[in-house]
Amino acid sequence: MLQPLIYDIGSPGRMGVNLPECDVPKVELPAALMREELPLPEVGEVQVVRHFVKLSKLNYSIDQGLYPLGSCTMKYNPKINEDAARLPGFAQLHPLTDESGSQGALFLMHELQQWLGEISGFEAVSLTPAAGAQGEFAGILMIRQYHIDRGEGQRDLILVPNSAHGTNPATVTMAGMEVLELPSNNKGNVDMDALHAACEGELRDRIAGMMITVPSTLGLFEETILEVIATVHDAGGLMYMDGANMNALMAAVKPGALGFDVMHYNLHKTFSTPHGGGGPGSGAVGVNEKLAPYLPGPIVEIVEDGTADREEPVGATYQVARNARSNDGRPNGSPLQTSAGEAVEPPLYGFVMPEKSIGRMKAFHGNFGMHLRAYAYIRVYGDSGIRDVTRYAVLNANYLRAKLMQTYKVPYPRYCGHEFVLEGHFDDAEDVHALDISKRLMDYGFHPPTNYFPLIVPEALLIEPTETETKADLDEFVAAMERIAEEARDDPELLRNAPHTAPVRRLDEVRAAKELVLCCAPAKAAASV
Amino acid sequence: MGEWKTPAELKYAETDEWFAVDGNMVTIGITDYAQDQLNDIVYVEFRDAGDTVDAGDSFGEVESVKAASELYTAVAGEIAEVNMSLEDAPETVNADPFGAGWMVKISASDLSPLDGLMDAAAYDSYCDSR
C-alpha cells in the first residue's frame, strides 16, 4: 500500500488541537442521538499534514501538464479566480445574511446572470443548480411544467440522440418522462429521417422536447441544427441544449439565437471553476421568455431601481452599491455623486422566486464560490478575450486532430469543435485497445483522454486539449501518441501492462466493479465484512 | 476483424441479441460480437419471470467495465425463465454467450417478428461494417 488510510495511522487519544475550557453551559445531547461507537481518525496535526501532502503528490492535475479529458473541459483555473473567492467580504459572507447586508454579492450574482444570458442569448438565468446534471434536471422539469400549464401534460417523451451524455437519459427518467433515442448518421449528425419520423408520426402529441449537445459529444457541430430545432418546435416540443461543450461556442454562436428554449452551463467547465477536489460544480440554467417564469429560484433581480448610470464601468457601480447603503439597506444620508456632480442612488438587489418557479434545486443560493470564480474569469477576459478562448480551444483541437490523423483512425474526418474522437485501435495490432493507449500515456506524463465514450465509436478516445496549451505542449502530446502507435506494433505487452511509472500499476477494473468494498471505516472492520 | 462466433441456427437483432426458437419458447442472449465489444461484463439485471413484455421492450440491462447497455426483445410474451446464475457470475456471458450465458426465455405470443431479424450471414456482415 502506498499510503495507509488516515484511520490506520492514528492511535486512541491522539489529537491535533487542545480545546479550551468550555465557557458556556453544557447541554446533554438527546439520548437518541448518542452513539457508542464513533470511529473517527485520531491523529496529530503533523500526521494530517503529511498524510494529505503525500496523497497530493500522487495526484496529477492541470497545474502539472496537459489534461485532455474530452467532454470534461479540464481547462486551467486561473489563480486570480482563487484570489477573488478568498476576499474576506465574500468568503466570510454567511448565506443567511439579509439582503441589505449582502448587496455586493447580490450585485455580482445579478451581473453574472446577465453575462451568462448575453453569452448564450437567453432571456433569464438562474445560478442555483449545483452542477451540470442538476441543471439538466431543472431544464426538463421546466419543460414538463410548461406543457402541464398549457393543458398538454400528455407530452412525456424527450428525444435524445444516441451520442448523448449518459446524464441526458438519466435526467429524463428522473423527471418522470420517457426517452426516445435517435440514431446518428455517418457524419455524426442526428439522423434527420429518424427525427422527422418521430416528430411527425403517431407519437407527435407526446413529444415534450429534445435534449441535444452542441457541438455533439463527438466534438462535431450539428450541421442541421436549425432543421432539428424547427422540426421539434413544429411538433410542439421544446429544445434543451446540454451546454457541456460551450467552450466551442462562446462569442461565436448563441444557442438562444439558434432557437433553443433552455440550456445549462457548466461553470466548472467553460468558466474555469475547479472540478472535483477544488469544486463543487455549478450548473446555471438559461431560458428564453417561454420558460423564464419557471426558473428554479431564487434568482437575483433589481427590486428597487436606483439612479446609478447602468452604463458605468462595473467596478464603479459595484462600489456605489456597496458604499451607499447603510445597514438597513437604505441609502446613506450623503448620497454619492457621479463625476458630473449628480447625486446617484444605487439599485437595490434582492432574491426573487420566479412567478411559476419549479422551486429550489439547492439550499441557499447555489454554489456562490463558483459564481465568484466564473465572474472573475469573464471579467478578466472581457468579450474579446472570451472570443479568443473559443477560437484557441477550437484551433488547438483541430491542430491535434490534423496531426494525429496521420497515425490514428479519425472516424469523422471533418472540422471539429473543441474536441475530437480517435479510434484507439490498430488493425495490425489487434490486442491493443483504447484503454492500453490511455494507460501508456501516463508513462509519458500526460493525463489520459476520455476513453470508451461516446459509445457510438468503437475504442473511442475523446481528446480535448483546451485553449491554454501552447503549440510546443501540443507537439509533445502528438510525439507521445506517435511513439505509442509504434509501440503498439513493436511491443504490445508494454502497452497492455502500462502504466509502468505511475504510483500504482494497472488497476483491476473488473474486480473493483464486482467487489464493492469501500474501506472508509477502519480497515480491520471492513476486512471482516 | 470478424473473429467472433455466429451460430447458423440463430436469429440476430441489430441491437446484438440472439434469439433461439423451440416451439413458442424463445431464448435470448447477447452475441459473441457484443460481449467482445463490451469487454468484461460485471453486472446483469433482468425483469422478473412472470412479467409480460412487448416486442421492442427492454428486458434488462448489462454492464461492463466500458458501458451499460439495455437488452431488447424482438418478441412479445411472458418471461418464462430468467438465468439467475448470471447475477453472481456475469462473466459467464463473456465466456459462453450462446450457451451458459443465455439470459431469458420468453413464452412468445407471436413468432412472426423473428422473420424480420438477421440470419447469421447477414449479422456477420452487419458487424463487419461497424
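S.K.: In this structure, what is going on with the sheet that holds strand S12 (residues 420-423) of chain A? I would like to understand it.
M.R.: Hydrogen bonds between backbone groups are what pair the strands of a sheet, and the pairing can be parallel or antiparallel. Residues and elements named next belong to chain A. Taking strand neighbours across the sheet as the criterion, the three strands line up as S12-S14-S13 in an open arrangement whose pairing is antiparallel. Pairing within the sheet leaves two strands with one partner each, and these edge strands are S12 and strand S13 (450-451). In the sheet, S12 pairs with strand S14 (residues 460-463) via four bridges, with the strands oriented antiparallel. Considered in S14, the bridge of Glu423 is made with Ala460. Lying on the sheet, helix H12 (residues 434-443) is in contact with S13 and S14; it crosses S14 at an angle near 40°.

S.K.: So what exactly am I meant to see when it comes to the sheet that holds strand S2 (residues 157-161) of chain A here?
M.R.: Residues and elements named next belong to chain A. The seven strands are arranged S1-S7-S6-S5-S4-S2-S3 in an open sheet whose pairing can be described as mixed. In this open sheet, the two strands that pair with only one neighbour each are strand S1 (124-126) and strand S3 (178-182). Strand-to-strand twist in this sheet, taken as the mean axis angle between neighbours without regard to direction, amounts to 25°. Here five bridges tie S2 to S3, and the two strands are oriented parallel to one another. Looking across to S3, one finds that Ile158 is bridged to Val179. On top of the sheet, helix H8 (residues 225-234) reaches S2, strand S4 (207-213) and strand S5 (238-243); it is set at about 160° to S4, its chief contact.

S.K.: Help me understand the nonpolar core in this model?
M.R.: Side chains of nonpolar character tend, in soluble globular proteins, to be buried together. Of all hydrophobic cores here, the largest spans 122 residues; its most connected members are A:Met142, A:Ile158, A:Tyr240 and A:Val262. What A:Tyr240 contacts, discounting residues up to four positions off in sequence, is A:Gly139, A:Ile140, A:Ile143, A:Gly209, A:Met210, A:Met211, A:Val262 and A:Met263. Formed by 31 residues, the second largest nonpolar core is a distinct cluster that contains B:Val26, B:Ala34, B:Phe59 and B:Val93.

S.K.: Where do I start with the packing of helix H4 (residues 103-120) of chain A against helix H11 (residues 368-404) of chain A in this structure?
M.R.: When two helices pack together, their arrangement is given by the angle between the helix axes and the distance between those axes. Residue and element names in this part refer to chain A. Where H4 contacts H11, the axes come no closer than 10 Å and their chain directions differ by 60°. Between H4 and H11, the interaxial angle falls into the category oblique. Viewed along their axes, H4 and H11 form a crossing whose handedness is left-handed. Residues Ala105, Leu108, Met109, Glu111, Leu112 and Trp115 of H4 touch H11, and the partners they reach there are Phe368, His371, Leu372, Ala374, Tyr375 and Ile378. Here the contact of H4 with H11 is built from residues that sort into 10 nonpolar, one polar and one charged.

S.K.: Can you help me understand H11(A) in this one?
M.R.: Compared with an ideal rise of 1.5 Å per residue, which puts 37 residues at 54 Å, H11(A) spans 40 Å between its outermost C-alpha atoms and falls more than 12% short. The sharpest bend along H11(A) comes to roughly 100°, located at A:Gly382.

S.K.: Just checking my understanding: could you explain the confidence of the model for chain B for this structure?
M.R.: Low-pLDDT portions of the prediction should not be read for the details of their coordinates. All names here are of chain B. When pLDDT is averaged across chain B, the result is 94; 98% of the residues are at 70 or more. At the low end of the mean pLDDT range in chain B sits strand S7 (residues 68-72), at 91; at the high end sits strand S3 (residues 25-30), at 97. For this predicted complex, the interface score ipTM comes out at 0.74, while the overall pTM is 0.86.

S.K.: Help me out: how do you make sense of the packing of helix H7 (residues 192-200) of chain A against H8(A) in this one?
M.R.: Residues and elements named next belong to chain A. As a packed pair, H7 and H8 sit with axes 9 Å apart at the nearest point and diverge in direction by 10°. With respect to their mutual orientation, H7 and H8 come out roughly parallel. Crossing of H7 against H8: the hand is left-handed. Together, Met192, Leu195, His196 and Cys199 of H7 and Glu227, Val228, Thr231, Val232 and Asp234 of H8 make up the contact between the two elements.

S.K.: Is there a simple way to think about the environment of B:Ala67 in this case?
M.R.: Following the sequence through the fold, B:Ala67 ends up in the loop between strand S6 (58-64) and S7. A C-alpha to C-alpha distance of 6.7 Å links B:Ala67 and B:Leu38, two positions 29 residues apart in sequence. Not counting the four nearest positions on each side in its chain, B:Ala67 is found in contact with A:Tyr452, A:Leu455 and B:Leu38.

S.K.: Whenever I open this one, the pairing of S5(A) confuses me. Can you help?
M.R.: Working note: regular strand, side chains alternate between the two faces of the sheet. All names here are of chain A. Counting buried residues along S5, six of its six residues qualify, which places the element largely inside the surrounding structure. Neither face of S5 is left uncovered, since the one carrying Leu238, Tyr240 and Asp242 and the one carrying Met239, Met241 and Gly243 both have all their residues buried. Examined bridge by bridge, S4 and S5 share five bridges and lie parallel to one another. Bridging from a neighbouring strand, Ile212 pairs with Met241 of S5. Since S4 and S5 lie parallel, the crossover through H8 that links them has a hand, and here it is right-handed. By the bridge criterion, four bridges tie S5 to strand S6 (residues 262-265) in an arrangement that is parallel. The residue of S6 that forms the bridge with Met241 is Met263.

S.K.: What am I meant to see in the environment of A:Phe137 here?
M.R.: Residues and elements named next belong to chain A. Turning to its location among the elements, Phe137 is positioned in helix H5 (residues 132-149). Exposure remark for Phe137: the 24 C-beta atoms within 10 Å place this residue in the buried category. Residues Phe137 and Asp305, 168 residues apart in the sequence, show an inter-C-alpha distance of 33 Å. Beyond its immediate chain neighbours, meaning those up to four positions away, Phe137 contacts Thr171, Met174 and Ala175.

Analysis parameters
Along each chain, residue indices are assigned from 1 in the same order as the chain's sequence is written. Numbering of ligands from 1 and lettering of chains from A proceed in the order in which they are written. Only residues with pLDDT of at least 70 get local features here, since the model is predicted, and only at 80 or more are side-chain atom pairs given and counted; chain-wide, interface and lining totals rely on the full set of residues. A pair of strands is treated as paired once DSSP finds two or more bridges between them. Numbering of helices and strands starts at the N terminus; helices are DSSP runs of H or I of at least 4 residues and strands are runs of E of at least 2. The contact criterion used here is simple: two residues whose C-beta atoms, placed from the backbone, lie within 7 Å are in contact. A fitted line through C-alpha atoms represents every axis, and for helices the fit uses only the stretch in contact; the resulting angles, taken between N-to-C directions, go from 0 to 180 degrees. The term nonpolar core refers to a group of buried residues, namely Ala, Val, Leu, Ile, Met, Phe, Trp, Tyr and Cys, whose C-beta atoms join them within 7 Å. The exposure label follows from counting other C-beta atoms within 10 Å of a residue's C-beta, where the C-beta atoms are placed from the backbone and the thresholds are 20 or more for buried and 12 or fewer for exposed, leaving partly exposed in between. Each angle is binned into one of four classes, with values under 35 degrees roughly parallel, values over 145 roughly antiparallel, values of 65 to 115 roughly perpendicular, and all other values oblique. Should the near helix be turned anticlockwise from the far one by less than a right angle, the crossing is left-handed, and should it be turned clockwise, the crossing is right-handed. Classification used: nonpolar for Ala, Val, Leu, Ile, Met, Phe, Trp, Tyr, Cys and Pro, charged for Asp, Glu, Lys and Arg, polar for all others including Gly. Helix span is expected to be 1.5 Å times the residue number reduced by one. One axis is fitted to the seven residues ending at the residue and one to the seven starting there. The bend at that residue is the angle between these axes. Each residue carries a pLDDT score, the predictor's own confidence in it, on a scale running from 0 to 100. Handedness of a crossover is defined as follows: with both strands directed away from the viewer, a clockwise route from the first strand across the helix to the second makes it right-handed.

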